[in-house]
Amino acid sequence: MNVRHIKIVEAAFKLFAHYGVGKTSMSEIANAAGVARQTVYNAFDGKEELIHAALLHYSCQTKEAVENECARAVELGERLDILFHHMAAVPYEAMQTLPHLDEILEIEAQLSAERRGEVKAVYRSTIVGALLPYESQFVANGLDLERLAELMKGMFTQIKRDAVDADHLATLFGTIKAIILASASRGIAQT
């Protein structure tokens, strides 16, 4: 996406999250982005496409943040904490403060499998990248890194939904972290 598209997507997402998708007009999105209404229509077919573009944009931002922080993290536990922060804690906090984020997530669930897959692929590759230095340890214990990333993405999504508060979220993650750390230790996993 070019800079103008990013401005539109970010403005749309903020408005959708605060006021709801149905109550936000394309004119309001254009005004918030500082562009003409026709520019929004030329760039995006509608609100569903804007939501997809926003989710893809934010998944790429998450990937970049995780990569930057993992570049300084040596230990697997540190990398897991970074993944948790960006893929569970930050989104959980947003879910608690943005009144219409659930509406966006409902629309996300109705996107085509291809579009949902694009966003999930970014998150999975983020997890793979963070765990890659430990791939040989996982493989030695019979774990495929791609499948582990897929499982972790699903677990992060589920604990965000199940947590009753931030402390509960952290407790749920603690269990996931312990399992993954044990899975990376030689001789733990059975084939």
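Residues numbered from 1 in each chain as written. Predicted model: local features only at pLDDT ≥ 70, side-chain atom pairs only at ≥ 80, totals over all residues. Heavy atoms only, no water.

(A) Highlighting the overall build of the chain. Along the chain, the regular secondary structure elements total ten helices and zero strands. A principal-axis box enclosing the C-alpha atoms of the chain has dimensions of 60 × 35 × 30 Å. Burial statistics for the chain: of 191 residues in total, 40% are counted as buried. Summed over all atoms, the accessible surface of the chain reaches about 10,300 Å², with 52% contributed by carbon and sulfur. Taken as two groups, the 19 positive and 25 negative side-chain charges of the chain have centres that lie 3 Å from each other. (Helix = DSSP H or I, 4+ residues; strand = E, 2+ residues; numbered from the N terminus. Buried < 20%, exposed > 50% of the residue type's maximum accessible area, 1.4 Å probe, protein only. Areas by Shrake-Rupley, 256 points an atom, 1.4 Å probe, with all protein chains shown as cover. Lys, Arg positive; Asp, Glu negative; His and termini not counted. Charge placed at Lys NZ, Arg CZ, Asp CG, Glu CD.)

(B) View of the state of the cysteines. With the rule as written, the count across this model stands at zero disulfides. C60 forms no disulfide, and the closest cysteine sulfur to it belongs to C70, at a distance of 16 Å. C70 sits in the buried class, given a relative accessible area of 4%. (Disulfide = S-S within 2.5 Å.)

(C) Structural context of the nonpolar core. Residues L50, L83, L131 and F156 are the most contacted members of the largest nonpolar core, which totals 58 residues. Excluding anything up to four places from it in sequence, L50 contacts I8, V9, A12, F16, M26, I29, V40 and F44. (Core = buried A, V, L, I, M, F, W, Y, C linked by side-chain atoms within 4.5 Å. Contact = heavy atoms within 4.5 Å.)

(D) Focus on the side chain of S59. If you trace the backbone, S59 turns up in helix α4 (residues 47-70). Here L56 takes part through its backbone oxygen, which lies 2.7 Å from a polar atom of the side chain of S59. (Polar contact = N/O pair within 3.5 Å; in protein donor to acceptor, adjacent residues only side chain to side chain.)

(E) Fine view of the pattern of salt bridges. For the coordinates displayed, the defined rule picks out four salt bridges. The closest approach of N and O atoms between D81 and K177, which form a salt bridge, is 2.9 Å. Placement of D81 in helix α5 (residues 76-97) and of K177 in helix α10 (residues 166-184) is noted, with a sequence separation of 96 residues between them. If you follow the salt bridges from partner to partner, you end up with D144, R147 and E150 in one network. (Salt bridge = Lys/Arg side-chain N within 4 Å of Asp/Glu carboxyl O.)

(F) The arrangement of the packing of aromatic side chains in detail. All told, the structure shown has three aromatic pairs when counted by the stated rule. Plain terms: the ring middles of F13 and Y58 are 5.0 Å apart, the flat faces sit at 55 degrees to each other, and that makes the pair tilted. With F13 in helix α1 (residues 3-19) and Y58 in helix α4, this pair connects stretches of sequence that are 45 residues apart. Between F156 and F173, the aromatic rings sit 6.3 Å apart at their centres with planes inclined by 35 degrees, giving tilted as the arrangement. Placement of the pair is F156 in helix α9 (residues 145-162) and F173 in helix α10, with a sequence separation of 17 residues. Classification of F156 by relative accessible area gives buried; the value is 1%. Members of the aromatic cluster, each reached through a chain of ring pairs, are F84, F156 and F173. (Phe/Tyr/Trp six-rings, centres within 6.5 Å; stacked < 30°, edge-to-face > 60°.)

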